[in-house]
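Letter by letter, the chains look like this.
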Amino acid sequence: MQILEDNERLYIKSPDGKSEIAEITFSRIGDDKASINHTYVSDDYQGQGIAGQLFNLVIEKMQQEGRKIIPICSYAKQQFERRPELQTILAKF
């Protein structure tokens, strides 16, 4: 599966290219923050680690840009709660 990218979204299309099977959206905020707004994996593809792959790519991308993360969607919040190593990139308010 190939991960595609728009300005503020990473996504994966179905093998036939007619639909999207997964996506994660994010928004850049100012010069040093970003929010992860939405994570989706279609039912047929859940449990395969796809959301985790997309999440990790967004984290990597935002770290390269020097941004701290504001987790908005429930999946992103859950990842920040489960993974103590992410606390260093959690945006403080």
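Before reading further, recall that the structure is shown in the block above.
Nothing here was measured: the structure is a model prediction, and the numbers come from that model. Per chain, the residues get numbers from 1 upward, laid out in the order the sequence is written. With the structure being a predicted model, the display of local features is reserved for residues of pLDDT at least 70 and the display and counting of side-chain atom pairs for 80 or more, all residues being used for whole-chain, interface and lining totals. Side-chain measures here rest on the full set of heavy atoms in the structure, leaving out hydrogens and waters.

Colleague: In this structure, what is going on with the environment of Glu23? I would like to understand it.
Modeller: Tracing the chain through its elements places Glu23 in strand β3 (residues 20–29). Contact partners of Glu23, with chain neighbours within four places excluded, come to Arg9, Leu10, Tyr11, His38, Thr39, Tyr40 and Leu54. Only 3.1 Å separates the side chain of Glu23 from the side chain of Arg9, close enough to count as a polar contact. Segments assigned H or I by DSSP are reported as helices when at least four residues long, segments assigned E as strands when at least two residues long, and all are numbered from the N terminus. Residue contacts are counted whenever heavy atoms from the two residues lie within 4.5 Å of one another. Throughout this description, a polar contact denotes any pair of N or O atoms lying within 3.5 Å of each other; where both atoms belong to protein, one of them has to be capable of donating a hydrogen while the other can accept it, and for residues adjacent in sequence the pair is counted only when both atoms sit in side chains.

Colleague: Honestly, helix α1 (residues 50–64) in this entry has me stumped. Any pointers?
Modeller: Given 3.6 residues per turn, any residue in an α-helix points the same way as the ones three and four places further on. Residue count minus one, scaled by 1.5 Å, sets the expected span of a helix. With 15 residues, α1 should cover 21 Å at 1.5 Å per step; its first-to-last C-alpha distance of 21 Å lies within 8% of that length. Whether a residue is buried, partly exposed or exposed follows from its accessible area with a 1.4 Å probe, protein chains only, as a fraction of its type maximum: under 20%, in between, or over 50%, in that order. Within α1, burial applies to Ile50, Ala51, Gly52, Leu54, Phe55, Val58, Ile59, Lys61 and Met62. Buried positions along α1 lie against β1 (3–6), β2 (9–13), β3, β4 (33–41), β5 (68–71) and α2 (74–82). Looking one or two places after α1, you find Gly66, whose phi comes out positive at around 75°.

Colleague: How should I be thinking about the pattern of salt bridges in this particular structure?
Modeller: Two side chains carrying opposite charge are able to pair once their charged atoms lie near each other. A pair is scored as a salt bridge if a Lys or Arg side-chain nitrogen falls within 4 Å of a carboxyl oxygen belonging to Asp or Glu. Here the structure, examined in full by the defined rule, presents eight salt bridges. Taking the shortest distance from any N to any O, the salt bridge between Glu20 and Arg9 comes out at 2.7 Å. With Glu20 in strand β3 and Arg9 in strand β2, the pair connects residues that are eleven residues apart, well separated along the chain. Classification of Arg9 by relative accessible area gives buried; the value is 16%. For Glu65, the salt bridge identified is with Arg67, shortest N-O distance 2.8 Å.

Colleague: Explain the layout of surface pockets to me, please; I cannot follow it from the model alone.
Modeller: Empty space among the atoms becomes visible once a probe the size of a water molecule is rolled across them. Within this model, the largest pocket holds a volume of roughly 220 Å³. The definitions used throughout rest on a 1 Å grid laid over the protein atoms alone, on which a cavity is an enclosed set of points accommodating a 1.4 Å probe that cannot get out and a pocket is an open set flanked by protein within 12 Å on both sides along at least five of seven lines; lining residues are those having an atom within 4 Å of a point. Along its surface, the largest pocket is lined by 14 residues, and Thr39, Val41, Gln46, Ala51 and Tyr75 are the ones closest to its centre. Of all elements in the fold, only β4, α1 and α2 reach the threshold of two or more residues within the lining of the largest pocket. In this classification, the charged set is Asp, Glu, Lys and Arg, the nonpolar set is Ala, Val, Leu, Ile, Met, Phe, Trp, Tyr, Cys and Pro, and all remaining amino acids, among them Gly, are polar. Considering only residue class, the lining of the largest pocket consists of seven nonpolar, seven polar and no charged. Grid points are joined across faces, edges and corners, and a volume is the space filled by probe spheres set on the points.

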